[in-house]
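Residue-level structure breakdown
Chain residues, written in single-letter form:
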Amino acid sequence: MERYDVIIVGGGLAGITCGIELAKARYNVLILEKASHMGGRTSSWDFNGMAVDAGFHRVIGYYKHFPKLLHQAGINLNDIVVWEEKLDVLSPKHKHVTTFGVAPFHGPIKILRAMLGNNKSISPKAKLSLMPFFKNGLHEFKVDPKKLDQTSILDFAREHGVHEDAIHLFIEAMCRGVFFTPSENFSAYVFFGILAPAPQRFYKMRIGSYLGGMSEVMIKPLVDYFENLGGEVTLNQGVERLLVEGEEVVGVDLGHDKFYAEQVVLSTDIGAAQNIISQSPLDQINFYSLLKLPTLPAISVQIELTEPVLEHDRTTFAPGTVLGSFSEQSRSTFRQSKGRLSVMLVSTEELEVLTDKELIELIYKEADEIGISMRNKVIDYRVVRHSDKFYSVAPGHDLLRPSQNTVVPGLTLSGDYTKQPYLSTMEGAVLSGELASENVINALRESQ
């Protein structure tokens, strides 16, 4: 029976990061991945004859840990993304596009035009109402995060006098577009947490769209690097529970097989982590916050078209519709396509119960309302459902996010739902993997 120094359960970005750091430290590491491919929510694959991504992903220019991880594996971030310096907002309330600049250093003119323009959609008075909102929100994020997490960003905005047009076109658009959640269910702490790194690294602010499927341009090179360091990957291996001796985790049980290790890192998405913990012979009170943290469903719809339906390949938000964020990607990620619209839908219980056909009909209807006609141009589509892979960003939930370290010997947590300042993002996943590896290395050294 082979015994490993570390077993990592889950081959997403957090698990791969943790594995790389441990393999660099010359530990014997095994990553077990339930799916037939690595990458988790940052993967791409063939879905019944159609190339798809796990979701609508964007790289934010102020990321630090994520680019460093790629650099280790010989990946230049600028080679795998195309940078966007502005984003569009389409709303049923307006008959035109509202464009916002997002790159103060790389595209200052676009920022200035957005501030001085867009007056048909949002008045100068409405724009100015955002200034005290941002100032006070970022201040409270630093001085009283617990209090800030108890209120929704919608209530916070109204308490600070933000004009309703600014709420609709900026705050509501951002909530639905970034974490596909309506502003009334969106923690003010999480909202400002997304923005908090920007002031210190404003010169880096841009939005990056992948130039190809994430598995091809990012995940495969990272996994190759991990394996070249001596790490091992096994696919199609789902863990059912943790193996426990006394009060210590000593390995994992796959149902048909068992693997043993000095340390186990649970690096699945939150729903799978909750299930594995609940099925394991552990004192559940030690995982109270993790098990109580609600999950958030997500639905991505990718639509193959006869031609592009948007003039530009760039991030677009649509407040007032179920289309949280979307982009035409035939000129970027899916260059083999004549037209490709990738959409993240706003998470609601009503959408979860709809069939794929009902969802696409709803998309056609609401796209028409914002001036996008696509029904007669659709060749094919795929619906990718994530039932419990995200944690809920509703008020009061941030305090429930667990740290990477646990009180159970032999067990460490990793994943973007664990405590770190970059929340549920690729940057957060990478940082959580780094923090988890530090915890594991310390534990292994103490046991020697």
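Summary of the structure given here. Computed from a prediction, not measured in an experiment: that's the story for all the values here.

Reading the values: the criteria
Sequence order sets the numbering: in each chain, residues are counted from 1 along the sequence as written. Two thresholds apply to this predicted model, a pLDDT of at least 70 for residue-level local features and 80 or more for giving and counting side-chain atom pairs, whereas whole-chain, interface and lining totals are computed over all residues. In computing side-chain values, all of the structure's heavy atoms are included and hydrogens and water are not. Numbered from the N terminus, helices here are DSSP runs of H or I no shorter than four residues, and strands are runs of E no shorter than two. Every radius of gyration here is taken over C-alpha atoms, with the globule rule written as 2.2 Å times N^0.38, N being the number of residues. Working definition: with a 1.4 Å probe on protein chains only, accessible area under 20% of the residue-type maximum means buried, over 50% means exposed, and in between means partly exposed. Contacts are residue-level and defined by heavy atoms, with any inter-residue pair within 4.5 Å sufficient. The accessible surface values rely on the Shrake-Rupley method and a 1.4 Å probe; as for residues, cover is taken only from the protein chains in view. Asp and Glu are treated as the negative residues and Lys and Arg as the positive ones, with His and the ends of the chain left uncounted. Where a charge lies is defined by one atom per residue type: Lys uses NZ, Arg uses CZ, Asp uses CG and Glu uses CD. Two strands qualify as a pair provided that DSSP identifies no fewer than 2 bridges between them. In this analysis, rings of Phe, Tyr and Trp, with Trp reduced to its six-membered ring, are considered paired at centre separations within 6.5 Å, and the interplanar angle assigns stacked below 30 degrees, edge-to-face beyond 60, and tilted for intermediate values. Throughout this description, the term charge over a ring refers to an Arg CZ or Lys NZ atom that lies within 6 Å of the ring centre and within 35 degrees of the ring normal.

1. As for the overall build of the protein chain
When you go through the protein chain residue by residue, the secondary structure sums to 16 helices and 19 strands. Computed over the C-alpha atoms, the radius of gyration of the protein chain is 22 Å, within 12% of the 22 Å expected from 2.2 N^0.38 for a compact globule of 448 residues. Along the three orthogonal principal directions, the C-alpha set of the protein chain runs to about 70 × 50 × 40 Å. Of all 448 residues assigned to the protein chain, the portion counted as buried reaches 59%. Of the contacts made within the protein chain by residues no fewer than 6 positions apart, 68% connect residues no fewer than 24 positions apart. For the protein chain, the exposed area adds up to about 18900 Å²; of that, 51% sits on carbon and sulfur atoms. A distance of 8 Å separates the average location of the 44 positive side-chain charges in the protein chain from that of its 54 negative side-chain charges.

2. Observations regarding the pairing of strand E2 (residues 29–32)
Neither face of E2 is open: one carries Val29 and Ile31, the other Leu30 and Leu32, and all of them are buried. The pairing of strand E1 (residues 3–9) with E2 spans four bridges and is parallel. Each residue of the ladder has a partner; that of Val6, found in E2, is Val29. Relative to strand E10 (residues 232–234), E2 runs parallel, the two sharing three bridges. Of the residues in E10, the one forming a bridge with Leu30 is Glu232.

3. Examining the packing of aromatic side chains
The relation between two aromatic rings is expressed through the spacing of the ring centres and the mutual angle of the planes. Under the counting rule described, the total for this entry stands at 14 aromatic pairs. With a centroid separation of 6.2 Å and 75° between ring planes, the pair formed by Phe100 and Phe170 is classed as edge-to-face. You can see Phe100 sitting in strand E8 (residues 98–101) and its partner Phe170 sitting in helix H9 (residues 164–178), a full 70 residues away along the chain. Through pairs of rings, three or more aromatic residues link up here, namely Phe100, Phe133, Phe134, Phe156, Phe170, Phe179, Phe186, Phe191 and Phe192. Sitting above the plane of the Phe47 ring, Arg382 keeps its charged end 5.9 Å from the centroid.

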